[in-house]
Amino acid sequence: MIGTRKLLAAAGVLAAVCTVAATVPAAEAVDAAPAGTRVTQTRLADGSVRVGVTGNEASNAIAAVPSTSPAVEHVFLAPGGSTICKSGYACAFVPYSNGFYVFKFVHYDGYSVSNWLNVGPFLNNQTGGAGAKWDNVNGGQLGCVAAGTGKNVNWNPVWRVRLTASGC
């Protein structure tokens, strides 16, 4: 029998291979872990993005709850639920159970992350060319999402998220 962690890691690697960077049009659906779950994004007139989760109702094995330090606003998004990623924010989706924890970053700063596993969208809804970046354990930058775009990110090697005024 394959261990839960190995199975989740394999799903994360598979999803990472299928990673796609995209701007956020009027409506978009993004495949992400957990398997069979889709994240939908709809741009609102005020520049915010309504984000919803559809699909997989079955619960995966429960791991430790993802978190950040310093703490930021976050919400658990189960299938059928939605949340807003306001203009000026960057929102990271971390798979957990049958949905996602959505972390809403707004201040230029560095944030340590704990228990971020598998693949999930990172939506940069900041303005003015601001970058949303993620780093490895040694502080080396692994990637960046330009303002007004989103990308699926493999969270397994990520130790820090940074919002910066400088772009990608």
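As a reminder, the structure under discussion sits directly above these lines.
**Student:** Quick one: what's the story with the overall build of the protein chain, residue by residue and with numbers?
**Tutor:** Scanning the protein chain for helices and strands turns up one helix and 15 strands. When each of the 168 residues of the protein chain is scored for burial, the buried share is 44%. Within the protein chain, contacts between residues separated by at least 24 positions form 63% of all contacts whose residues are at least 6 apart in sequence. In the structure as shown, the protein chain presents an accessible area of about 7,800 Å², 57% of it carried by carbon and sulfur atoms.

**Student:** Got a sec to walk through the pairing of strand S12 (residues 131–135)? Specific residues and values, please.
**Tutor:** Two faces, one strand: in a regular strand the side chains alternate between the faces of the sheet. With respect to burial, S12 is a largely interior element, five of its five residues being buried. Residue alternation in S12 divides its side chains into two sets, Gly131, Lys133 and Asp135 and Ala132 and Trp134, and both sets are buried. Across five bridges, S12 lies against strand S15 (residues 160–164) in antiparallel orientation. Its bridge partner lying in S15, Asp135 is registered against Arg160. In terms of strand pairing, S12 meets strand S13 (residues 141–145) through four bridges, oriented antiparallel. By the bridge assignment for S13, Asp135 is matched with Gln141.

**Student:** Before we move on, can you summarise the pattern of salt bridges with the specific residues and values?
**Tutor:** What the rule picks out here adds up to three salt bridges. A salt bridge links Glu73 to Lys104; the nearest nitrogen and oxygen atoms lie 3.8 Å apart. With a gap of 31 residues between them, Glu73 in strand S6 (residues 73–77) and Lys104 in strand S9 (residues 99–105) connect regions that are remote in the sequence. Close ionic contact of Asp135 with Arg160 constitutes a salt bridge, the shortest N to O distance being 2.6 Å. With Asp135 in strand S12 and Arg160 in strand S15, this residue pair connects regions lying 25 residues apart in the sequence. Because the salt bridges share partners, they merge into one network encompassing Asp135, Arg160 and Arg162.

**Student:** Account for the nonpolar core, with residues named and values stated.
**Tutor:** Across soluble globular proteins, nonpolar side chains show a tendency to be buried alongside one another. Grouped together as the largest cluster of nonpolar side chains are 20 residues, with contacts concentrated most on Phe103, Phe105, Trp116, Phe122, Trp155 and Val161. Among the secondary structure elements, those contributing two or more residues to this core are strand S8 (90–96), S9, strand S10 (109–114), S12 and S15. Of the residues forming this core, the biggest block, four residues, is contributed by S8. Apart from the residues within four sequence positions on either side, Trp155 is in contact with Ala92, Phe93, Val94, Pro95, Trp116, Leu117, Asn118, Val119, Gly120, Pro121, Phe122 and Val161. Membership of the second largest hydrophobic core comes to eleven residues, among which are Val49, Val51, Phe100 and Leu123.

**Student:** Residues and numbers for the sheet that holds S15, please.
**Tutor:** Within a sheet, adjacent strands bond to each other through the backbone by hydrogen bonds, running parallel or antiparallel. Sheet architecture is open: five strands sit in the order S5-S10-S15-S12-S13, paired in antiparallel fashion. With partners counted over all chains shown, the strands left at the sheet margins are strand S5 (67–69) and S13, one partner each. If you compare each strand with its neighbour and ignore which way they point, the axes differ by 25° on average.

Criteria and cut-off values
Residues numbered from 1 in each chain as written. Predicted model: local features only at pLDDT ≥ 70, side-chain atom pairs only at ≥ 80, totals over all residues. Heavy atoms only, no water. Helix = DSSP H or I, 4+ residues; strand = E, 2+ residues; numbered from the N terminus. Buried < 20%, exposed > 50% of the residue type's maximum accessible area, 1.4 Å probe, protein only. Contact = heavy atoms within 4.5 Å. Areas by Shrake-Rupley, 256 points an atom, 1.4 Å probe, with all protein chains shown as cover. Pairing = 2+ DSSP bridges. Salt bridge = Lys/Arg side-chain N within 4 Å of Asp/Glu carboxyl O. Core = buried A, V, L, I, M, F, W, Y, C linked by side-chain atoms within 4.5 Å. Axes fitted to C-alpha atoms, helices over the stretch in contact; angles between N-to-C directions.

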